[in-house]
Amino acid sequence: METDPGHLSDRHFRSVADLVQHHAGIQLPPAKRTMVEGRLRKRMRALDLPTLEAYGRHLFEAGHLADEFPHLVDCVTTNKTDFFREPAHFDLLRTTIVPRLAARGDRPLLKVWSAAASTGAEAYTLAMVLQDMAADRFRYAILGTDISSEVLDRARTAIYPEEMLEAVPPDLRRRYVMVARDPARREGRIVPELRARVRFQRLNLMDESYPIDRDVDLVFCRNVLIYFDKPTQKAVVARLAGHLRPGGYLIVGHSESMAGVGVAGLDQMSSTVFSKLRDSGR
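The rules behind these values
- Every chain is numbered independently, its residues counted from 1 as its sequence is written.
- This being a predicted model, a pLDDT of at least 70 is required before a residue's local features are given, and a value of 80 or more before pairs of side-chain atoms are given or counted; all residues contribute to the totals for chains, interfaces and linings.
- Side-chain figures throughout are based on the complete set of non-hydrogen atoms in the structure, without hydrogens or water.
- UniProt positions are given in the numbering used here, feature names are shortened, and annotations may be inferred rather than shown by experiment.
- Helix and strand labels come from DSSP, where a helix needs a run of H or I of at least four residues and a strand needs a run of E of at least two; each type is numbered from the N terminus.
- A 1.4 Å probe rolled over the protein chains alone gives each residue an accessible area, and that area as a share of the maximum for its type sets the label: buried under 20%, exposed over 50%, partly exposed in between.
- By definition, residues are in contact when any of their heavy atoms lie within 4.5 Å.
- Note that accessible areas follow from Shrake-Rupley with a 1.4 Å probe, and for residues the cover is restricted to the protein chains shown.
- A positive count includes Lys and Arg, and a negative count includes Asp and Glu. His and the chain ends are not counted in either.
- In plain terms, the charge of a residue is placed at NZ if it is Lys, CZ if Arg, CG if Asp and CD if Glu.
- Two strands pair if DSSP finds at least two bridges between them.
- For every element, the axis is a line fit to its C-alpha atoms; helices are fit only across the contacting stretch, and the angle between N-to-C directions ranges from 0 to 180 degrees.
- In summary, the pairing rule links any two rings of Phe, Tyr or Trp, Trp by its six-membered ring, whose centres are within 6.5 Å, and it sorts them by plane angle into stacked for under 30 degrees, edge-to-face for over 60 and tilted for everything else.
- Two limits define a charge over a ring: the Lys NZ or Arg CZ must be within 6 Å of the ring centre, and within 35 degrees of the ring normal.
- Method remark: on a 1 Å grid restricted to protein atoms, a set of points is classed as a cavity if a 1.4 Å probe fits but cannot get out and as a pocket if it is open with protein on both sides within 12 Å along at least five of seven lines; lining residues have an atom within 4 Å of a point.
- Grid points are joined across faces, edges and corners, and a volume is the space filled by probe spheres set on the points.
- Residues were grouped as follows: Ala, Val, Leu, Ile, Met, Phe, Trp, Tyr, Cys and Pro as nonpolar; Asp, Glu, Lys and Arg as charged; and all remaining residues, including Gly, as polar.
- When describing relative orientation, an angle under 35 degrees is termed roughly parallel and one over 145 degrees roughly antiparallel, while 65 to 115 degrees is termed roughly perpendicular and anything else oblique.
- For any pair of crossing helices, the crossing counts as left-handed if the nearer helix is rotated counterclockwise from the farther one by less than a right angle, and right-handed if it is rotated clockwise.

Per an unreviewed UniProt entry, the chain is named Chemotaxis protein methyltransferase, and its organism is Methylobacterium phyllosphaerae. Under the heading Catalytic activity (unreviewed entry), UniProt records this for the chain: "L-glutamyl-[protein] + S-adenosyl-L-methionine = [protein]-L-glutamate 5-O-methyl ester + S-adenosyl-L-homocysteine". Annotation of the chain in UniProt includes, under Function (unreviewed entry), the sentence "Methylation of the membrane-bound methyl-accepting chemotaxis proteins (MCP) to form gamma-glutamyl methyl ester residues in MCP."

So this is what it looks like as structure tokens:
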């Protein structure tokens, strides 16, 4: 019979919440306490600790916080992702944004950044759309970043369960997803041609600067800003905008209200789409 893991003390829960908000920008109010404790039980068991309170002492009183912090972040970060999530954005890429970017003709390479990549579904969706449009018109490169090393490792393998891949339109699935030889595995893998165009690296959006090129054409940062307070949202959007080339685009999620998060140099085209003014500099 499994031992009752108990709960974090109020003091240790507040310490976890403060730590995660300071370093990752993610707010963990008391209403999320049950969720947080449920996720931290995985780390408690991995460290062979008897209770969550013992895990709290391991973090804050036994000197193991530095080693454990990446695992803590992996546990509490929400990593929901889907292929072709919020499909209107990808329709807009096809009909408007990519044709505008490709028509400039001042360089053949489009740089695209998926700034909250999770397990890679968004980055590979972008690759499918761009590959389908590229032909001889342009080349593209996609960078996917996330705070969680664990999800990035999964993104690099590019292997996904069958039910997750059902969101990919059938014609694209035939071209860009390899089916497992063993049908019992019920999974598929993104084809090497697309995997070669996408790379992943760890990045914390809370960092004061990002080791990213400053001439990116398109940034997707969707469904992560909702976890930040307004001042943090504004700071993150400003930093992202600093990596867009003039005329580039920033796309946020439909669930993210950007009211009060105006950033100098960005023109709001719709509730979720922004373009960088050409005379705004870097």
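Before going further, it helps to spend a moment on the overall build of the chain. Along the chain, the regular secondary structure elements total 11 helices and 10 strands. With the principal axes as the frame, the chain shows a C-alpha extent of 60 × 50 × 25 Å. By the burial criterion, 50% of the 282 residues in the chain qualify as buried. Partitioning the intrachain contacts of the chain with sequence separation of at least 6 by distance along the chain shows that 75% fall at a separation of at least 24. In the form shown here, the chain has an accessible surface area of approximately 13600 Å², with 51% of it arising from carbon and sulfur atoms. Each charge class in the chain was averaged separately, 41 positive and 37 negative side chains, and the resulting centres sit 4 Å apart.

We now examine the sheet that holds strand β4 (residues 177-179). The strands that make up a sheet pair up through hydrogen bonds in the backbone, lying either parallel or antiparallel. Taken in spatial order, the 3 strands line up as β3-β5-β4 in an open sheet, and their pairing is antiparallel. Whereas interior strands pair on both sides, the edge strands pair on one side only; in this sheet they are β3 (159-161) and β4. Across the sheet, the mean angle from the axis of one strand to that of its neighbour is 35 degrees, orientation sign disregarded. Bridge analysis of β3 against strand β5 (residues 187-190) gives 3 bridges, and the strand direction is antiparallel. Across the sheet, residue P161 finds its bridge partner in β5, namely E187.

Tallied over the entire structure, the rule returns 6 aromatic pairs. Relative to Y160, the ring of F83 lies with its centre 5.0 Å away and its plane at 85 degrees, an arrangement referred to as edge-to-face. Taken as a pair, F83 in the loop between α4 (65-76) and α5 (87-103) and Y160 in strand β3 lie far apart in primary sequence, 77 residues in all. Taking relative accessible area as the criterion, F83 reaches 1% and is therefore assigned buried. Overall, the relative accessible area of 3% leaves Y160 in the buried class. Cluster of aromatic residues (ring-pair linked, three or more members): F83, Y124, Y160 and F200. The ring of Y140 has R197 lying over it, and the distance from NZ or CZ to the ring centre is 4.7 Å.

This brings us to the layout of surface pockets. Of the pockets and cavities examined, the second largest pocket occupies roughly 220 Å³. Lining the second largest pocket are 16 residues, and of these K111, V112, L143, R199 and D213 lie nearest its centre. Those elements that provide at least two residues to the lining of the second largest pocket are β1 (109-114), β2 (139-146) and β6 (198-202). No other element matches β1, which puts 4 residues into the lining of the second largest pocket. Its residues assigned to classes, the lining of the second largest pocket shows 11 nonpolar, 1 polar and 4 charged.

Another aspect to go through is the packing of helix α2 (residues 33-46) against α4. Orientation of α2 relative to α4, taken along the N-to-C sense of each, is 135 degrees, at an axis distance of 9 Å. Overall, the two elements α2 and α4 adopt an arrangement that is oblique. Like other packed secondary-structure pairs, α2 and α4 cross with a definite hand, here right-handed. Here V36, R39, L40, K42 and R43 of α2 come into contact with α4, specifically with E68, H71, L72, C75 and V76. Its residues assigned to classes, the contact of α2 with α4 comprises 5 nonpolar, 1 polar and 4 charged.

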